[in-house]
Amino acid sequence: MDVEGEDLSHSALAERLAPGEVHVFRGCDLTGADLRGADLGGARFESCVLETADFRKADLDGAVFSGGGGMGVRFDDADLVDASFTDVDLASARFGGALLSDVTFTGCRMIGASLTASRGTGFKVGKSNLTMANLGGCSLRGELIEGVRFDDADLSGCDFTGATFSDSRLRGAKLLRTVFAKADLRGADLGEPDDAKLRALAGAIVNPAQAAAILAARGITVL
């Protein structure tokens, strides 16, 4: 199926998609579309409206999403191995139980998105806004995290071991049992260092200004 500019809002599309084909949607309105369990391996979604679209349990291996998007897209329990999202609005999107191995998010608006309980070996994220997102338990071990806002995000239980942060923010982030061992945080805005944050930063690499702020939070003045 190769569709351009069609209004497919609130349509039940899963049964209309022939298995084994590569489906392409360009500039389509998929608001509230039902794509649950659909065979969408390698599919392309270019500048499509995805408001509340339902991709639960869909096969989206290698799918490409570029531009477009919308609030409240559902990817729960979907297979998203090697999928890519570029400049997509994924605000309040849900990825619970989704397989996210080698997924990339670049330039995405992911305010309030939930990736907690997702599965897989990890994903990549860059130049994206994850303010108030929930990443509880996700692994970003060894990743380069560039231009990402985690302000007020829930990063509880996340593993950032060996990750490198560049031009990124962690202001107000919840860091309960978060691991930053050997992570390079010199390029991150850590915000105010409270007790939970100080515990999470054990083993991390910080710059002199960050170290001074951490010591000041402990009541220690460096002259």
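Here we summarise the structure given alongside this text. Being a predicted model, the structure only gives us computed values, none of them experimental.

Digging into the environment of arginine 186
Piece 1. Within the secondary structure, arginine 186 is located in the loop between strand S10 (168-169) and strand S11 (188-189).
Piece 2. In the structure, arginine 186 is positioned 25 residues away from alanine 211 in sequence and 9.9 Å away in space, judged by C-alpha atoms.
Piece 3. Excluding residues that lie within four positions of it along the chain, arginine 186 makes contacts with Ile205, Val206, Asn207 and Gln210.
Piece 4. Within the local environment of arginine 186, its side chain forms a polar contact with the side chain of aspartate 184, the two groups lying 2.6 Å apart.

A short note on helix H2 (residues 208-217)
Piece 1. Its side-chain oxygen 3.2 Å from the backbone nitrogen of alanine 209, asparagine 207 forms the N-cap of H2.
Piece 2. Looking one or two places after H2, you find glycine 219, whose phi comes out positive at around 80°.

A few points about the side chain of aspartate 76
Piece 1. Examined against the element boundaries, aspartate 76 turns out to sit in the loop between strand S4 (64-66) and strand S5 (84-86).
Piece 2. Contact partners of aspartate 76, with chain neighbours within four places excluded, come to Arg56, Lys57, Arg94, Phe95 and Gly96.

A few points about the sheet that holds strand S3 (residues 44-46)
Piece 1. Pairing within the open sheet is parallel, and its 7 strands lie in the order S1-S2-S3-S4-S5-S6-S7. Since the sheet does not close on itself, it has two edges, and those belong to strand S1 (2-4) and strand S7 (123-126), each with one partner. Put simply, the sheet's adjacent strands are angled 5° from each other on average, direction ignored.
Piece 2. As defined by bridge partners, strand S6 (residues 103-106) adjoins S7 across 4 bridges and the pair is classed as parallel. Counted as the bridge partner of threonine 104 is lysine 124 from S7.

Overview of the pattern of salt bridges
Proximity of charged atoms lets side chains of opposite charge pair with each other.
Piece 1. As enumerated under the stated definition, the model contains 14 salt bridges in all.
Piece 2. Across the pair glutamate 46 and arginine 26 runs a salt bridge, and its minimum N-O distance is 3.3 Å. Note that glutamate 46 is positioned in strand S3 and arginine 26 in strand S2 (residues 24-26), a separation of 20 residues in sequence.
Piece 3. A salt bridge links arginine 74 to aspartate 76, with the shortest nitrogen-to-oxygen separation between them at 2.6 Å.
Piece 4. According to the relative accessible area criterion, arginine 74 is partly exposed, its value standing at 29%.
Piece 5. Since its relative accessible area comes to 13%, aspartate 76 is described here as buried.
Piece 6. Residues participating in the shared-partner salt-bridge network are Asp2, Arg26, Arg44 and Glu46.

Calculation notes
Residues numbered from 1 in each chain as written. Predicted model: local features only at pLDDT ≥ 70, side-chain atom pairs only at ≥ 80, totals over all residues. Heavy atoms only, no water. Helix = DSSP H or I, 4+ residues; strand = E, 2+ residues; numbered from the N terminus. Contact = heavy atoms within 4.5 Å. Polar contact = N/O pair within 3.5 Å; in protein donor to acceptor, adjacent residues only side chain to side chain. Pairing = 2+ DSSP bridges. Axes fitted to C-alpha atoms, helices over the stretch in contact; angles between N-to-C directions. Salt bridge = Lys/Arg side-chain N within 4 Å of Asp/Glu carboxyl O. Buried < 20%, exposed > 50% of the residue type's maximum accessible area, 1.4 Å probe, protein only.

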